[in-house]
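Okay, here's what each chain looks like letter by letter:
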Amino acid sequence: MRVAVADDQAIVRMGLRALIDREPGLEFAGEAVDGAAALRLLRDVRPDVLLLDIRMDGMDGIDALRAIAADPALAATRVIMVTTFEVDQYVFAALQAGASGFVLKDSAPEELARAIRVVASGEALLSPSVTRKVIGLFGRHEGTPVEGLDTLTPREREMVAWVATGRSNGEIAAELSISPDTVRTHVSRAMVKLHARDRAQLVVFAVRSGLTIP
């Protein structure tokens, strides 16, 4: 898996590169000092994952993320936002813009490596604590229409609500006494109908539409 880094602090870029270089199965694909440089880097090297700082001088991470999401040529690159705080005012904006997850800058190396692998596999990296705080902070968005929501079956709507709790397919399956494959099928169908890039986008749709577990 090829991983790029965008952060305006040289020491952070150096630390992330050292971690990526020593982790089996990961390859460092390049670095950028701001959002504009990150866009140029992505178009040149097309990494599997980009670790993108939220707050940077020049073009910040949110604006860069929006530009990435708007460029079909960059659709294959998954973006993990790197932040100092677990939840701040930028997190919901990042989710809406297409972030696949979040990691803290002081995360343990093994946690960051796991985050990269999880996101590269197409999953979302949203811990239950982050999800709960996002829903708590942005619950006022409830009731906002979500295109395609009316095409979901009752079971698919239920699965989207469960995804918004931050649980994995296996955890949802255990709660409902069904198989993980069944959960995966319903979640996948919901993603297709809602044109969701990944599970993180499903969390956004659940929050905006006010979906809750039955």
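Since the model is a prediction, treat every value here as computed from it, not as a measurement.

Q: It is not clear to me how the overall build of the chain should be interpreted in this structure. Could you clarify?
A: Along the backbone of the chain there are 10 helices and five strands. Classification of the 214 residues of the chain by burial places 50% in the buried group. Considering only intrachain contacts with a sequence separation of at least 6, the fraction spanning at least 24 residues in the chain is 69%. For the chain, the accessible area works out to roughly 9,900 Å², and carbon and sulfur atoms hold 52% of it.

Q: Help me understand the pairing of strand S1 (residues 2-6) in this model?
A: Taken residue by residue, a regular strand's side chains alternate between the two faces of the sheet. Along S1, four of the five residues are buried, which leaves the element largely enclosed by surrounding structure. In this structure, S1 lies alongside strand S2 (residues 27-32), joined through five bridges in parallel fashion. Along S2, the bridge assignment pairs Val5 with Glu31. On the question of chirality, the crossover connecting S1 to the parallel S2 by way of helix H1 (residues 10-22) is right-handed. In this sheet, strand S3 (residues 49-53) lies alongside S1 in parallel orientation, the contact comprising four bridges. Its bridge partner being in S3, Ala4 is matched across the sheet by Leu50.

Q: Even after reading the chapter, I still don't get the nonpolar core, so can you show me in this structure?
A: As a rule of thumb, soluble globular proteins bury nonpolar side chains together. Of all hydrophobic cores here, the largest spans 52 residues; its most connected members are Leu50, Leu52, Leu65, Met81, Phe102, Val160 and Leu202. Here this core gets seven residues from one element, more than from any other, and that element is helix H10 (residues 199-209). Those residues in contact with Met81 that lie beyond four places of it in its chain are Leu52, Asp53, Ile54, Gly61, Ile62, Leu65, Ala94, Ala99, Gly101, Phe102 and Val103. In this structure, Ile20, Leu51, Ile80 and Val82 belong to the second largest nonpolar core, which totals 17 residues.

Q: Whenever I open this one, the pattern of salt bridges confuses me. Can you help?
A: Where charged atoms from two side chains of opposite charge approach closely, those side chains can pair. Counting across every chain of the model gives eight salt bridges. In this structure, the salt-bridge partner of Asp21 is Arg17, at a minimum N-O distance of 3.6 Å. Taken together, the residues span about one helical turn, with Asp21 and Arg17 both in helix H1 at a distance of four residues. A relative accessible area of 49% means that Asp21 is categorised as partly exposed. With its nearest N and O atoms 2.5 Å apart, the salt bridge here joins Asp181 to Arg184. Linking Asp181 with Arg184, this pair stays in helix H9 (residues 180-194), spanning three residues, or about one helical turn.

Q: Would you explain the packing of H9 against H10 in this entry?
A: Contact geometry for H9 and H10: axes closest at 10 Å, N-to-C directions at 70 degrees. Considering the angle they form, H9 stands roughly perpendicular to H10. Listed contacts from H10 to Val187, Met191 and Leu194 of H9 are Arg199, Leu202 and Phe205. Taken together, the residues of the contact of H9 with H10 break down into five nonpolar, no polar and one charged.

Rules behind the numbers
- Residues numbered from 1 in each chain as written.
- Predicted model: local features only at pLDDT ≥ 70, side-chain atom pairs only at ≥ 80, totals over all residues.
- Heavy atoms only, no water.
- Helix = DSSP H or I, 4+ residues; strand = E, 2+ residues; numbered from the N terminus.
- Buried < 20%, exposed > 50% of the residue type's maximum accessible area, 1.4 Å probe, protein only.
- Contact = heavy atoms within 4.5 Å.
- Areas by Shrake-Rupley, 256 points an atom, 1.4 Å probe, with all protein chains shown as cover.
- Pairing = 2+ DSSP bridges.
- Right-handed = clockwise from strand over helix to strand, strands pointing away.
- Core = buried A, V, L, I, M, F, W, Y, C linked by side-chain atoms within 4.5 Å.
- Salt bridge = Lys/Arg side-chain N within 4 Å of Asp/Glu carboxyl O.
- Axes fitted to C-alpha atoms, helices over the stretch in contact; angles between N-to-C directions.
- Parallel < 35°, antiparallel > 145°, perpendicular 65-115°, else oblique.
- Nonpolar A, V, L, I, M, F, W, Y, C, P; charged D, E, K, R; others polar.

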